Amino acid sequence: MTAPAPRGAAAREPDALDLGLPDPVRAPGLPEEVRIHEVGPRDGLQNEGTLVPVEVKAEFIGRLAAAGLRTVEATSFVHPKWVPQLADAEDLMPRLAGLPDRHPGLRLPVLVPNERGLDRALAHHATDVAVFASATETFARRNLNRSADEAMAMFRPVVERAAAAGIPARGYLSMCFGDPWEGPVPVAQVVRFGVRLLEMGCAELSLGDTIGVATPGQVTALLDGFAAAGVPTGRLAVHFHDTYGQALSNTLAALRSGVATVDASAGGLGGCPYAKSATGNLATEDLVWMLHGLGVRTGVDLRALVATSGWMARRLGRPSPSRTVQALLGSTSAGSPD
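Caption draft 1: Expanded view of the environment of Asn47. Examined against the element boundaries, Asn47 turns out to sit in the loop between α1 (40-44) and α2 (54-66). For the pair Asn47 and Gly299, spaced 252 residues apart in the sequence, the C-alpha separation amounts to 28 Å.

Caption draft 2: Representation of the pattern of salt bridges. In the structure shown here, the tally under the stated rule is 21 salt bridges. Between Arg26 and Glu32 there is a salt bridge, with the nearest N and O atoms lying 3.6 Å from each other. Owing to a relative accessible area of 37%, Arg26 belongs among the partly exposed residues under this scheme. Accessibility expressed as a relative area gives 49% for Glu32, which makes it partly exposed. Where Arg63 meets Glu59, a salt bridge forms, and the shortest distance between an N and an O atom there is 3.1 Å. Of the two residues, Arg63 and Glu59 both sit in helix α2, 4 residues apart, roughly one turn of that helix. Residue Arg63 is classed as partly exposed on the basis of its relative accessible area, which comes to 29%. The network of salt bridges with common partners includes Arg26, Glu32, Glu33 and Arg297.

Caption draft 3: Representation of helix α8 (residues 187-199). The terminal C-alpha atoms of α8, which comprises 13 residues, lie 18 Å apart, in line with the 18 Å expected from a rise of 1.5 Å per residue. Contacts from the buried residues of α8 go to β4 (129-134), α7 (148-164), β5 (169-174), β6 (204-209) and α9 (216-228). A positive phi of about 125° marks Gly201, the residue just after α8.

Caption draft 4: Just the side chain of Thr298, in detail. Relative to the helices and strands, Thr298 resides in the loop between α11 (284-293) and α12 (302-316). At a separation of 2.7 Å, a polar atom in the side chain of Thr298 contacts the side chain of His292. Engagement of the side chain of Thr298 in a polar contact is seen with the backbone nitrogen of Val300, the distance being 3.1 Å. If near-sequence neighbours (up to four positions away) are discounted, Thr298 is found in contact with Val34, Ile36, Val288, Leu291 and His292.

Caption draft 5: Layout of unusual backbone geometry. Note the cis peptide between Leu21 and Pro22, where omega equals 0°. Within the secondary structure, Pro22 is located in the segment before β1 (35-38). At Asn145, a position not held by glycine, the phi torsion is positive, near 60°. Residue placement: Asn145 occurs in the loop between α6 (137-144) and α7. Asn145 sits in the exposed class, given a relative accessible area of 64%. The backbone of Met175 shows a phi angle near 60°, a positive value even though the residue is not glycine. Looking at where Met175 falls in the secondary structure, it is placed in the loop between β5 and α8.

Calculation rules
- Residues numbered from 1 in each chain as written.
- Predicted model: local features only at pLDDT ≥ 70, side-chain atom pairs only at ≥ 80, totals over all residues.
- Heavy atoms only, no water.
- Helix = DSSP H or I, 4+ residues; strand = E, 2+ residues; numbered from the N terminus.
- Salt bridge = Lys/Arg side-chain N within 4 Å of Asp/Glu carboxyl O.
- Buried < 20%, exposed > 50% of the residue type's maximum accessible area, 1.4 Å probe, protein only.
- Expected span 1.5 Å × (residues − 1).
- Contact = heavy atoms within 4.5 Å.
- Polar contact = N/O pair within 3.5 Å; in protein donor to acceptor, adjacent residues only side chain to side chain.

What follows is the structure in structure tokens.
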């Protein structure tokens, strides 16, 4: 029941969460729990046209952790020339040092493009790292300035050294469903590169729909391809962009195929600086709304998460593209910074 408004205060109209919505209805064949890999502070903010102050980034990550997210990708140790929005990684990491103590189980992965990036991450006591590969030749050359095979050779010592240090490495594989220069990407090609990342020691493989062109049938076909190659779904994650409004339906297809780790970005922040047709990531709030409606556990406090995305939208000076944030906050999601 909604608490009465204080005497003299205007009563606030109950919103959907006050009314106990979404009403959870379990669907057969779905995982009991989904781990959300929050990418907003890294994949989201790296595509911003303006630089976000490091203290705002640190508070953003702290708020996400307080909302119940237990995997929050913090930053990238890429050369500042390529992603100036994340040039403050060395300044950010010390500001996050106490968060895992305050939020048990919290992981703060960082992206490392090569061995030098790994050295920088290790110097700042990173506990999880990720490498970013491509399933297509053109994107590899545009994003990594080398062939897809050369990129794999570059990542191998990074993953091996991380494993030797007891640090799990995640492999991102981009352009898994379509490439803006090459068009459709064959399932066998994606599986071949994905298996190479896993075989070199990546603990998890995230399959990226970098430009948001995937449809549910494609998602099922690709996951079937990995299953045929002997890859268990427990080692796979999915990463969808919402360019054509398909991110949630694609996620549901992945869940029905047994995937239980989903990448998402608070407030729908993000895109890709090297693929201009890529729009925002799947919004974490929209994902949580769907999962809670399906009776799938996430550990996330949706109201706290929505408030966090509204807070960040005000700092960015524009409304959040998340439909759930818009529904629950309305125009206040782009009001004056508080």
